[in-house]
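# Structural description and commentary
Each chain, letter by letter, is given below.
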Amino acid sequence: MTSNPVTVTAAYRVVPGREADFHSWGWAMLGASAQQPGFLGGGVLVDGEAEWHVVYRFASDGTARAWEDSTAKGEWDERALGIARQTDRRSVPGSKAWFDSQSPAPRTPAPPSKWKLWFVNMSAVFPPVLLFNLIALPYLGGLNPIVRTLLLCLCVTALVTWILMPRLQRFFKKWLYPPLQALRGRHKRRTA
């Protein structure tokens, strides 16, 4: 790999209902570009509502231009005409320039509100505490209250930490972090 690779990002507006065709076309086009000298990899960024992107990388500007100017690439572009319309194309040389983009980074989503966190925590803690009090407490009535409370805390925190909270966080993810879903939730990424 050379020290000055080039990454090309092409944005497309996909005809509604032709998303699967575009996805197949994008990966087939990347398969064809993989046969070219200097190809380093690529992927299709899939978004069901906005622009879709085909991203590929070549070892140098010359190898990227050779692919862009080739008749094979022209044929692939013609195949996409009924499926999607290219809306933007960006070519960025070198790794540093790609990661040090001039565009502002998206804001980090705000943490969930306290009442939402309280609700998820209560949903995780209440059931095991109730079960412990109904099932185990009658058998532990003769124990010292400190030992009984210690057993309750050990059992409940283990259940909440390793079993309940991970499942509840996944279940309530869209409700807890709606801005995060807007930034990342709809994208699926595959690499060639």
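To be clear, the structure that these remarks concern was listed above.
The following paragraphs examine the structure supplied in this document.

### Digging into the pattern of salt bridges
In total, this model carries 4 salt bridges according to the counting rule given. A salt bridge links Asp21 to Arg18, with the shortest nitrogen-to-oxygen separation between them at 2.6 Å. Across the pair Arg89 and Glu68 runs a salt bridge whose closest N-O atoms are separated by 3.2 Å. Taken as a pair, Arg89 in strand S4 (residues 84-93) and Glu68 in helix H2 (residues 61-68) lie far apart in primary sequence, 21 residues in all. Note on Arg89: relative accessible area 38%, which makes it partly exposed.

### Quick word on the side chain of Ser70
By the element assignment, Ser70 lies in the loop between H2 and helix H3 (71-79). For Ser70, the side chain forms a polar contact with the main-chain oxygen of Trp67, separated by 2.8 Å.

### Describing the packing of aromatic side chains
With the rule as written, the count across this model stands at 11 aromatic pairs. With a centroid separation of 5.2 Å and an interplanar angle of 55 degrees, the aromatic rings of Tyr12 and Phe22 are classed as tilted. With Tyr12 in strand S1 (residues 6-14) and Phe22 in helix H1 (residues 19-33), this residue pair connects regions lying 10 residues apart in the sequence. Judged by centre distance (5.4 Å) and plane angle (75 degrees), the ring pair of Trp115 and Trp175 falls under edge-to-face. Here Trp115, found in helix H5 (residues 114-136), pairs with Trp175, found in helix H7 (residues 173-176); they are 60 residues apart in sequence, far enough to count as distant. Among the residues examined, Trp175 registers a relative accessible area of 30% and is labelled partly exposed. Chaining the aromatic ring pairs together yields one cluster made of Trp115, Phe119, Phe171, Phe172 and Trp175. Across the ring face of Trp76, the terminal group of Arg79 is positioned such that the distance to the ring centre comes to 4.2 Å.

### Section: the packing of H5 against helix H6 (residues 145-171)
Following both chains from N to C, one finds H5 and H6 inclined at 135 degrees, their axes separated by 9 Å at the closest point. What the angle tells us is that H5 and H6 run oblique. Considering the relative orientation of H5 and H6, their crossing is right-handed. Touching Val120, Asn121, Ser123, Ala124, Val125, Pro128, Val129 and Phe132 of H5 are Arg148, Leu151, Leu152, Cys155, Val156, Leu159, Val160, Leu164, Met165 and Leu168, all from H6. A class-by-class count of the residues in the contact of H5 with H6 yields 15 nonpolar, 2 polar and 1 charged.

Thresholds, definitions, all that
- Residues numbered from 1 in each chain as written.
- Predicted model: local features only at pLDDT ≥ 70, side-chain atom pairs only at ≥ 80, totals over all residues.
- Heavy atoms only, no water.
- Salt bridge = Lys/Arg side-chain N within 4 Å of Asp/Glu carboxyl O.
- Helix = DSSP H or I, 4+ residues; strand = E, 2+ residues; numbered from the N terminus.
- Buried < 20%, exposed > 50% of the residue type's maximum accessible area, 1.4 Å probe, protein only.
- Polar contact = N/O pair within 3.5 Å; in protein donor to acceptor, adjacent residues only side chain to side chain.
- Phe/Tyr/Trp six-rings, centres within 6.5 Å; stacked < 30°, edge-to-face > 60°.
- Lys NZ or Arg CZ within 6 Å of the ring centre and 35° of its normal.
- Axes fitted to C-alpha atoms, helices over the stretch in contact; angles between N-to-C directions.
- Parallel < 35°, antiparallel > 145°, perpendicular 65-115°, else oblique.
- Left-handed = near helix turned anticlockwise from the far one by under 90°.
- Contact = heavy atoms within 4.5 Å.
- Nonpolar A, V, L, I, M, F, W, Y, C, P; charged D, E, K, R; others polar.

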